[in-house]
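# Structural overview for review
Residues per chain, in single letters:
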Amino acid sequence: DTEVTQTPKHLVMGMTNKKSLKCEQHMGHRAMYWYKQKAKKPPELMFVYSYEKLSINESVPSRFSPECPNSSLLNLHLHALQPEDSALYLCASSQGTGVSYEQYFGPGTRLTVT
Amino acid sequence: GENVEQHPSTLSVQEGDSAVIKCTYSDSASNYFPWYKQELGKRPQLIIDIRSNVGEKKDQRIAVTLNKTAKHFSLHITETQPEDSAVYFCAASQENRDDKIIFGKGTRLHILP
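The paragraphs below set out a description of the structure included in this document. Just so it is clear, the model here is predicted, and its values are computed rather than measured.

For the rest of this paragraph, the subject is the sheet that holds strand S8 (residues 73–79) of chain A. All names here are of chain A. If you walk across this open sheet you meet the 4 strands as S1-S3-S8-S7, and the pairing is antiparallel. The open sheet has two edge strands with one neighbour each: strand S1 (4–7) and strand S7 (64–70). Within this sheet the neighbouring strands show an average axis-to-axis angle of 20°, counted without direction. Inspection of the sheet shows S7 paired to S8 by 5 bridges, in the antiparallel sense. Its bridge partner lying in S8, Ser 65 is registered against His 77.

In structure tokens form, the structure reads like this:
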């Protein structure tokens, strides 16, 4: 399996809802990432997990809460989001830590906050 | 911190012609430069990368050049085809320092029939 999968593909949620995004890879990769991408913009790094431990948090608001239950799974818990949080949320993984390892992106979850 | 500028923001070329996308970076310590292609509605995918110990790298119709002195690098696509239409992102980072890639703002490439 050489793919990163993400669920759901689309999500619409109200500002008072709690939801979770899920990411999975079975390539044995040890680093996993969450990115946020607005339309016509590059991906913006949110979090990096290295060997299941949070190694980078790019000053992301606490309404986004990442979780890495095991080496294959990465979740992003969402609570009390704002309309400006609407975006494509991309998960990625790489074989090792360090930027020269190719990052494999998932297809993304398109989130709309109403 | 690192800042990556990318030009042009939009590029239209006739099928079969060449396309060139240029990027500059600010941090002289950056030493790894990947390029990502993102087709409409799809995920970004790495297409080529270059490290600072080489000046050029080629993979079939795609080549990347790096000028460390001037702190700029470029993507060259020859014999363009319709499937080359996409947004291309350059990026810069410091290998073995952290896990952060700094992306340019992207170039939307249109291949005209």
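This part covers the pairing of strand S2 (residues 10–13) of chain A. Residues and elements named next belong to chain A. Burial along S2 is one-sided: the residues Leu 11 and Met 13 are buried and none of His 10 and Val 12 is. For S2 and strand S11 (residues 109–113), the ladder comprises 4 bridges, and the chain directions are parallel. Looking across to S11, one finds that Val 12 is bridged to Thr 112.

Right, let's get into the state of the cysteines. Going through the model one piece at a time under the given rule, you end up with 2 disulfides over all chains. Here A:Cys23 connects covalently by a disulfide to A:Cys91, the sulfurs 1.9 Å from one another. Here the S-S torsion is close to -70°, and the disulfide linking A:Cys23 with A:Cys91 is therefore left-handed. One end of the pair, A:Cys23, is in strand S3 (residues 18–25); the other, A:Cys91, is in strand S9 (residues 87–94), with 68 residues separating them in the sequence. Grouping residues by exposure puts A:Cys23 and A:Cys91 together as buried. Here B:Cys23 engages in a disulfide with B:Cys90; their sulfurs sit 2.0 Å apart. Disulfide B:Cys23 to B:Cys90: torsion about the S-S bond roughly -105°, handedness left-handed.

What counts, and where the lines are drawn
- Residues numbered from 1 in each chain as written.
- Chains lettered and ligands numbered in written order.
- Predicted model: local features only at pLDDT ≥ 70, side-chain atom pairs only at ≥ 80, totals over all residues.
- Heavy atoms only, no water.
- Pairing = 2+ DSSP bridges.
- Helix = DSSP H or I, 4+ residues; strand = E, 2+ residues; numbered from the N terminus.
- Axes fitted to C-alpha atoms, helices over the stretch in contact; angles between N-to-C directions.
- Buried < 20%, exposed > 50% of the residue type's maximum accessible area, 1.4 Å probe, protein only.
- Disulfide = S-S within 2.5 Å.

Without other data, these values stay purely geometric and don't point to any function.
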